[in-house]
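A closer look at the structure
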Amino acid sequence: DGDLDLLLSGSVDGLTEATRLYRNNGNGTFSENTAAGLKDIYGAAAWGDYDNDGDLDLVLSGAYGANVSFTDVYRNNGNGTFTALNLGLRPLQGGSAVWGDCDNDGDLDLLLAGYSETDDAEYTRLYRNNSATANSTPSAPSGLSVVRVGSNGAFVSWNPATDSETPPGTLSYNLRVGTTSGASDVLSGMANAASGYRRVAALGNSQAGRGWLVDHLDVNTTCYWSVQAVDTGWAGGAWAGEASFRLADFATATTAPVTKLANTSAQGGGSTDGTGITQQGLVWGPQPLPTLADFLGRTQHGAGAGSFSDTLSGLTAGVTYYVRAYAVNGGGTSYGYQQSFVLSAAPFAELDPGFRAAGWYARAAWGDYDNDGDLDLFLAGYDAGATPKASARIYRNHGDGTFTDLNAGLPNVEFGTWGDYDRDGDLDLVVSGLVYETNTRVTEIYRNDNGSFVSLNAGLTPVEYAELAWGDYDNDGDLDLVVGGGATTGRRTTLYRNDGGVFVNANAGLLGVDSAGLAWGDYDNDG
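The structure contained in this document is the topic of the report that follows. What you see as residue numbers is a count from 1 along each chain, following the sequence as written. Under the rules for a predicted model, residues below a pLDDT of 70 receive no local features and side-chain atom pairs below 80 are neither given nor counted, while totals for whole chains, interfaces and linings still include all residues. Side-chain descriptors were evaluated using all non-hydrogen atoms of the structure, hydrogens and water having been removed beforehand.

**Things to note about the overall build of the protein**
The line we're drawing: We count a stretch as a helix when DSSP gives it H or I for four or more residues in a row; a strand needs E for two or more, and each element gets its number in order from the N terminus. The globule rule used for comparison is 2.2 Å times the number of residues to the exponent 0.38, while the radius of gyration itself is calculated over C-alpha atoms. Accessibility here uses a 1.4 Å probe with only protein chains present; expressed as a share of the type maximum, an area under 20% marks a residue as buried, one over 50% as exposed, and anything in between as partly exposed. Contacts were defined at the residue level, with two residues in contact if any of their heavy atoms lie within 4.5 Å.
Each helix and strand counted, the protein has zero helices and 36 strands in total. Computed over C-alpha atoms, the radius of gyration of the protein comes to 34 Å, more than 25% over the 24 Å expected from 2.2 N^0.38 for 527 residues, which places it beyond the range of a compact globule. When the backbone C-alpha atoms are referred to their principal axes, the protein occupies close to 105 × 70 × 40 Å. A buried classification covers 42% of the 527 residues belonging to the protein. Of all intrachain contacts in the protein linking residues separated by at least 6 positions in sequence, the fraction that spans at least 24 positions is 53%.

Rendered as structure tokens:
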């Protein structure tokens, strides 16, 4: 069906063996084929079309039960089931089983190596396949094409080959790329460049797909490439007629992150660079790698390089979508690397930016500490299962739903809040709480110096179970601070007056509390 399925065999718990065949559903999930009829062993397994009927057969070689050796070939019946051939091969375990046409007669021979507990001896045995049906090689693929992807990548693609035994969906493909004609110094095909003879008995290096991304290329170097089909007997067909490309002849396209996700739409964008651009825009759809030939939605802008922003419409909640910027010039078509997104059917979509669990006494406060136009996060709290137990962290917002821990060097406490106490246009921070590992109370102001946070050594009374609130209680234009919590001498609530960056106890006579709530507000409207 054109995608790779998976077989595994091994020991489950040291006592139980298992052989399982999983069908690739083509959507990132696998379903177990319970009707396969394969022996449960732990040991070697290898696919190969020994009878040249176009589907993959299987050899299993290993052990089961009370260390009983086992080896047999299973014929693929073409309907998801397999039949054991009971060929009388030497039962071996702990070794290897590999197919390969060692005598070049058009069918797969079998090599077995391993240990026989019956003879208490090691063996290596080669079995010649005496099939009267020889394998024919696939035809050469056609329709070779290339598009540029990102700055240094090329996605090469081709039309399917044909084979008299192997169905088109079961063929794999083998790619070679070089910097001179016929060479493979960029990507080796491990096959003879003239005849296509495969030097390894295996799937082609681009597997079952009909396209492959070749990355990390030099943009000014001309690359020469070709592709061959490989059938289920691991025979390589003729190479397609060689093609060439140079990335510098293409424009470049960059896909911007998707933002403003709504119920049926989102905002996308991108940028392009290069000469001779005749069109540019976005393509998107529910399948990876949308193209100008295969898309759900498309926008189109005029000639010339530049940036653009577009609304992605016609979307459905719960579906994963993929979007790419594109550009077209005389060299061909270029795409940016794809971005993916999912619209949530709920009013809110849960994200997982990788924040530390805050737990008990958690305090969170948004604030644009770096003045880049998006809200960063101060997050503090207690997690009994973590080391350290308490943590105060600043997470920088990248504007695309991702955040990075600033590693600001704050003490490991549970409370804090933003405030521009020095009126220099950036947000400073006050933190407070208990460092559990040293049983030390902390209350300190940190000045924001171009994104680095420096302790003010303000001389505030250290408290735990704290609450903090900035507010200009004396209307002198700078932020004062009230702190409540448990000090070594008992519960305290202290109002600190900001005198030009020096914090002085205002002796306000407030009730001492901890585990508090503090909030400034002009409740009596007296200004």
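**Observations concerning the pattern of salt bridges**
Formally: A pair is scored as a salt bridge if a Lys or Arg side-chain nitrogen falls within 4 Å of a carboxyl oxygen belonging to Asp or Glu.
Summed over the entire model, instances satisfying the criterion amount to 13 salt bridges. E32 is paired through a salt bridge with R20; the nearest N and O atoms lie 3.3 Å apart. Remark: R20 occurs in strand β2 (residues 17–24) and E32 occurs in strand β3 (residues 30–32); sequence separation between them is twelve residues. We note a salt bridge from E242 to R176, for which the minimum N-O separation is 3.2 Å. Of this pair, E242 sits in the loop between β15 (223–230) and β16 (243–245) while R176 sits in strand β13 (residues 172–178); the two residues are 66 residues apart in sequence, bridging distant segments of the chain. A relative accessible area of 6% places R176 in the buried class. The network of salt bridges with shared partners includes R20, E32 and D40.

**A closer look at the packing of aromatic side chains**
The test is simple: Planes of paired rings set the category: under 30 degrees apart is stacked, over 60 is edge-to-face and the rest tilted, where pairs are Phe, Tyr or Trp rings (Trp by its six-membered ring) whose centres lie within 6.5 Å.
Within the structure shown, the criterion is met by 21 aromatic pairs. Note on Y361 and F415: the rings are 6.2 Å apart at their centroids and 45 degrees apart in plane angle, and the pair reads as tilted. Of the two residues, Y361 is situated in strand β25 (residues 360–367) and F415 in strand β29 (residues 415–419); the sequence distance between them amounts to 54 residues. Judged by relative accessible area, Y361 falls into the partly exposed class, the value being 30%. A ring pair is formed by Y369 and F453, whose centres lie 5.8 Å apart and whose planes are at 55 degrees; its orientation type is tilted. With Y369 in the loop between β25 and β26 (376–382) and F453 in strand β32 (residues 452–455), this residue pair connects regions lying 84 residues apart in the sequence. A relative accessible area of 4% means that Y369 is categorised as buried. F453 sits in the buried class, given a relative accessible area of 9%. A connected cluster of aromatic rings, assembled from ring pairs, spans W360, Y361, Y382, F415, Y436 and Y465.

**Quick word on the sheet that holds strand β31 (residues 440–449)**
Basically, it comes down to this: At least two DSSP bridges between two strands are required for those strands to pair. Only the stretch in contact is used when fitting a helix axis, every axis being a line fitted to C-alpha atoms; angles between N-to-C directions are given from 0 to 180 degrees.
With antiparallel pairing, the four strands of this open sheet are ordered in space as β29-β30-β31-β32. This sheet does not close on itself; its edge strands, each paired only once, are β29 and β32. Taken over all neighbouring pairs, the strand axes of this sheet differ in orientation by 25 degrees on average, direction set aside. Examined bridge by bridge, β31 and β32 share four bridges and lie antiparallel to one another. Bridge assignment links R447 to a residue of β32, and that residue is V454.

**A short note on the nonpolar core**
Put simply, the rule is: Buried Ala, Val, Leu, Ile, Met, Phe, Trp, Tyr and Cys residues form a nonpolar core when they are joined through side-chain atoms within 4.5 Å.
In terms of nonpolar packing, the biggest core is built from 18 residues, with V156, W158, Y173, L175, L217, W225 and F245 touching the most fellow members. Where this core is concerned, the elements lending two or more residues are β12 (153–159), β13 and β15. Per element, the largest residue contribution to this core is four residues, and it comes from β15. Membership of the second largest hydrophobic core comes to 16 residues, among which are V59, L85, W99 and V230.

**Considering the pairing of strand β23 (residues 332–335)**
Two strands pair when backbone bridges link them, and strand β11 (residues 142–149) and β23 are joined in this way by two bridges, in the parallel orientation. Bridging from a neighbouring strand, R148 pairs with S334 of β23. As paired strands, strand β22 (residues 320–329) and β23 are joined by four bridges and run antiparallel to one another. Looking at β23, one finds that N329 is bridged to G332.

**Topic: a nonpolar patch on the surface**
Note the following rule: Patch members must show over 30% relative accessible area and no salt bridge, and they are joined within 9 Å when carrying like charges or within 5 Å when they are nonpolar side chains of Val, Leu, Ile, Met, Phe, Trp or Tyr. Per-residue and other accessible areas were derived by the Shrake-Rupley procedure at a 1.4 Å probe size, with only the shown protein chains allowed to occlude residues.
Taken together, the side chains of L6, L8 and F30 define a hydrophobic patch exposed on the protein surface, amounting to about 270 Å² of accessible area. Relative to the helices and strands, F30 resides in strand β3.

**Digging into the side chain of D426**
Locating D426 in the fold gives a position in the loop between β29 and β30 (428–435). Excluding residues that lie within four positions of it along the chain, D426 makes contacts with Y369, N371, D420, N448 and N450.

**Quick word on the side chain of S172**
The following threshold applies: For the purposes of these results, a polar contact is taken to be a pair of N or O atoms within 3.5 Å, where, inside protein, one atom must be able to donate a hydrogen and its partner to accept one; residues adjacent in sequence count only when each atom of the pair is a side-chain atom.
Note that S172 resides in strand β13. One polar contact links the side chain of S172 to the main-chain amide nitrogen of G204, over a distance of 3.0 Å. Apart from residues lying up to four places away in sequence, S172 is in contact with L203, G204, Q207, A208, Q228, A229 and V230.

**Focus on the environment of T387**
In this structure, T387 sits in the loop between β26 and β27 (390–397). Separated by 168 residues in sequence, T387 and V219 place their C-alpha atoms 48 Å apart.

**As for the sheet that holds strand β4 (residues 42–48)**
The strand order across the open sheet built from four strands is β4-β5-β6-β7, with neighbouring strands paired in antiparallel fashion. The open sheet terminates on both sides in strands that have one partner only, identified here as β4 and β7 (82–84). Taking the axes of each pair of neighbouring strands and ignoring which way they run, one obtains an average angle of 25 degrees across the sheet. Alignment of strand β5 (residues 57–64) against strand β6 (residues 68–76), held across seven bridges, turns out to be antiparallel. Looking across to β6, one finds that V59 is bridged to V73.

**Re unusual backbone geometry**
T387 connects to P388 through a cis peptide bond whose omega is -5 degrees. Residue placement: P388 occurs in the loop between β26 and β27. At N104, a position not held by glycine, the phi torsion is positive, near 55 degrees. Within the element layout of this structure, N104 appears in the loop between β8 (93–100) and β9 (109–116). Positioned with a positive phi, R423 is a non-glycine residue whose angle comes to about 55 degrees. In this structure, R423 sits in the loop between β29 and β30. You can call R423 exposed: its relative accessible area is 54%.

No statement about biological role is implied by the geometric values presented.
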